[in-house]
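# A closer look at the structure
Below are the chains, spelled out letter by letter.
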Amino acid sequence: MISLIRKNISLWGYGKALALFAGCLLFSLSSRYGNDLSFEQYIVSAVSDHYYLTYFLIPLVLLSCFSFLEDDSGQTVLRFGSYYAYFWKKWLGTGLIAMVMVTIQTVLILISGIGLNVKNNWLLYQNMVNAELFGELQQWFSNPLVAFIIITIYQLLGIWFVFGLCIWIGHFIGRKLSVKILVTLYILSALWIKIPALQRIPVTGLNHLIILHHNLTSPWRFAVTGITAISLCIFMLLSLRFKRRMKILQYQKKWQGIAAYYQKALITKHHFIIMCAVVLGIVLYKGLGNAYLMTSEEWIYILFYGHGTGYFQVLPFLELLIVNIVPLYLLAIFVEHIISGQSMFISIRTKGRKEVLSGILTVSVIFLILYVFLWLAGGVLGSIFFGYGFNKAAGMMLLYAAGLKFLDILFQYLVMIGVYFLTKQITMGFLILVVGNMLCFMPAHWIKYLPFGLSSMARIQLLDLETGVSVYVAALIMTALSLGLLLLLKSFGYRKLLG
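Residues numbered from 1 in each chain as written. Predicted model: local features only at pLDDT ≥ 70, side-chain atom pairs only at ≥ 80, totals over all residues. Heavy atoms only, no water.

Scanning the protein from N- to C-terminus turns up 22 helices and zero strands. Here the protein holds 499 residues, and the buried ones make up 49% of them. Taking as baseline every contact in the protein between residues at least 6 positions apart, the subset at least 24 positions apart corresponds to 76%. (Helix = DSSP H or I, 4+ residues; strand = E, 2+ residues; numbered from the N terminus. Buried < 20%, exposed > 50% of the residue type's maximum accessible area, 1.4 Å probe, protein only. Contact = heavy atoms within 4.5 Å.)

Structure (structure tokens):
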């Protein structure tokens, strides 16, 4: 391990240490002059300087990572017994480099503050530059000296964690792609302070891992950073510890069964982009067109509003069709292509029609689950982006809405595929879905139980509104009908699959 540490320090080089020395000295001196600060206040200001940390220290940390990003030779790794042991010791060894960087920074900041008055409190005199920063820090730390110590320790741990993260990324995807990913992450971190919308998204960036006060901007930010760091650390170590076993399982899972073949045909990059475009378009349309909303619950309700019963409105109905029909259209193309275009291949390479049908249904359900997950992400990120926040009540409403949306589209998909098996015309099944959704225009009392479009919040009793049916009744109706259709397809539908 000692030889590995020496090698990494040699690769890191003295040049980066000199660059850190010069850069830290310049930023420290620039933050001293023109500010009426005590010694303790100055060192806190210097160690928390956003421009120094974002535009100098973080790029230098990433540049340091590139020095030892690649793995050593296989012979070197074998000396440690396993790659897991090699990675763990290499990561621990990079902690010395992180300590050297933080030590250089700390010594320079302390030396550059010599001569200032000693006054360990948060009281400022004629200084508005640091007022916002000190206002945040004094809510968490009793005095500047304690803040300086905690911030320095946080930076040490953050730099060390980023080193390990970079080594892990480099091991799995190679140096070239790792550089692109890390540069992208850095750009997002650099833009975080400039774009308020990014600050409302509950995603951890490189800046949150190294800059402590970036986690103090909201009550939930530090928790998000902590959970993300712990989860990444556990995942990194487990992925390396069980790397060989995971590869075997992935290989077996990838090539077993006809469902894997269908998955490649259905879950493609092109289809994923289309679904993302639908979700993003509706989120922006609802967010920009409903500025009067006050709470995150109202946002979720409006996002999944859809169309009610007993009336007709063009835009809400078109919105309902876009949200529900786009994934069904992609599934329709997939089903027609697989069944009509590859029947010979299917009949030869599978055990029977039941396996073919099971594979189609399995992959289709996975596809719909992916689509619903995009809506879950759209609901959370949209609520935060447009300033409504997000709370437990909104989370429960989002789960209700997304669950109903899944059941709604699944039911319509089973109807479409059932009609296709009977008529051999996918267009016919698609038209029946459109007609089924149009039945909501009828001013009849029983129409509120119509399963087509029942995921619309306009038809559900939420937010103390008495119109429509309850969430549980709607879920029961669509679940029961879907199970019935699924049973029919499993029992009789496979007979008309290739005939």
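Let's shift gears to the environment of Tyr 371. Within the element layout of this structure, Tyr 371 appears in helix 19 (residues 353-385). The spacing of Tyr 371 and Lys 405 is 34 residues in sequence and 9.7 Å in space, taken between C-alpha atoms. The residues touching Tyr 371, leaving out its near neighbours within four places in the chain, are Met 275, Val 278, Val 279, Val 323, Pro 327 and Ile 409. For Tyr 371, the side chain forms a polar contact with the side chain of Trp 375, separated by 3.2 Å. (Polar contact = N/O pair within 3.5 Å; in protein donor to acceptor, adjacent residues only side chain to side chain.)

What follows covers the pattern of salt bridges. Scanning all chains against the criterion turns up one salt bridge. Taking the shortest distance from any N to any O, the salt bridge between Glu 319 and Lys 286 comes out at 2.8 Å. Linking Glu 319 in helix 17 (residues 314-341) with Lys 286 in helix 15 (residues 269-289), this pair joins segments that are 33 residues apart in sequence. Comparing Glu 319 with Lys 286 shows no difference in burial state: the two are buried. (Salt bridge = Lys/Arg side-chain N within 4 Å of Asp/Glu carboxyl O.)

In total, this model carries two cavities of 30 Å³ or more according to the counting rule given. What the largest cavity holds in volume is close to 70 Å³. Around the largest cavity, the lining residues are Ile 282, Leu 303, Phe 304, Tyr 305, Gly 306, Glu 319, Leu 320, Val 323, Trp 375, Lys 405 and Ser 456. For the lining of the largest cavity, a count of residues per class yields seven nonpolar, two polar and two charged. There is about 40 Å³ of room inside the second largest cavity. Along its surface, the second largest cavity is lined by Cys 24, Phe 27, Ser 28, Ser 31, Ala 46, Asp 49, Tyr 52 and Ile 109. The element best represented in the lining of the second largest cavity is helix 2 (residues 14-32), accounting for four residues. Looking at side-chain class alone, the lining of the second largest cavity contains five nonpolar, two polar and one charged residues. (1 Å grid on protein atoms, 1.4 Å probe; cavity = no way out; pocket = protein on both sides within 12 Å on 5 of 7 lines; lining within 4 Å. Points joined across faces, edges and corners; volume = space filled by probe spheres on them. Nonpolar A, V, L, I, M, F, W, Y, C, P; charged D, E, K, R; others polar.)

Next up on the list: the side chain of Ser 455. Within the element layout of this structure, Ser 455 appears in the loop between helix 21 (426-438) and helix 22 (471-491). Of the residues examined, Ser 455 reaches a relative accessible area of 0% and is grouped as buried. Within the structure, Ser 455 has its side chain in polar contact with the side chain of Asp 408 (distance 2.7 Å). Apart from the residues lying within four places of it in its own chain, the contact partners of Ser 455 are Phe 304, Asn 324, Leu 404, Lys 405 and Asp 408.

Okay, the environment of Ile 432 next. Locating Ile 432 in the fold gives a position in helix 21. What makes Ile 432 partly exposed here is its relative accessible area of 33%. In this structure, Ile 432 is in contact with Val 415 and Val 419, ignoring residues within four places of it in sequence.

Our next topic: the packing of aromatic side chains. Per the stated rule, a full pass over the model turns up 26 aromatic pairs. Look at Tyr 52 and Phe 56: their rings are 5.9 Å apart centre to centre, the planes differ by 25°, and that puts the pair in the stacked class. Of this pair, Tyr 52 and Phe 56 both sit in helix 4 (residues 50-67), four residues apart, roughly one helical turn. Judged by centre distance (6.3 Å) and plane angle (75°), the ring pair of Tyr 400 and Tyr 472 falls under edge-to-face. Here Tyr 472 lies in helix 22 and Tyr 400 lies in helix 20 (residues 392-423), a separation of 72 residues in the sequence. Of the residues examined, Tyr 400 reaches a relative accessible area of 27% and is grouped as partly exposed. A residue is classified by how much of its surface remains accessible, and Tyr 472, at 60% relative accessible area, is exposed. Through pairs of rings, three or more aromatic residues link up here, namely Phe 87, Trp 88, Trp 91, Trp 160 and Phe 161. (Phe/Tyr/Trp six-rings, centres within 6.5 Å; stacked < 30°, edge-to-face > 60°.)

For the protein, mean pLDDT is 82; residues scoring 70 or higher make up 89% of the total. Summarising per-element confidence for the protein, the mean pLDDT is lowest in helix 13 (residues 243-255) (41) and highest in helix 8 (residues 144-173) (91). Counting interchain partners and residues more than four positions distant, the pLDDT-below-50 stretch residues 244-256 has four contacts. Overall, residues 343-350 carries pLDDT values under 50, and its contacts beyond four positions in sequence, including any with other chains, amount to 12 contacts. (pLDDT = per-residue confidence, 0-100.)

With 21 residues, helix 15 should cover 30 Å at 1.5 Å per step; its first-to-last C-alpha distance of 30 Å lies within 8% of that length. Restricting attention to buried positions, one finds in helix 15 the residues His 271, Met 275, Val 278, Val 279, Ile 282, Val 283, Lys 286 and Gly 287. Angularly, the buried residues of helix 15 cover 145° about the axis, an arc narrow enough to put them on a single face. Within helix 15, the exposed residues directed more than 90 degrees away from the buried face are Lys 269, His 270, Leu 280, Leu 288 and Gly 289. (Expected span 1.5 Å × (residues − 1). Arc of directions from axis to C-beta.)

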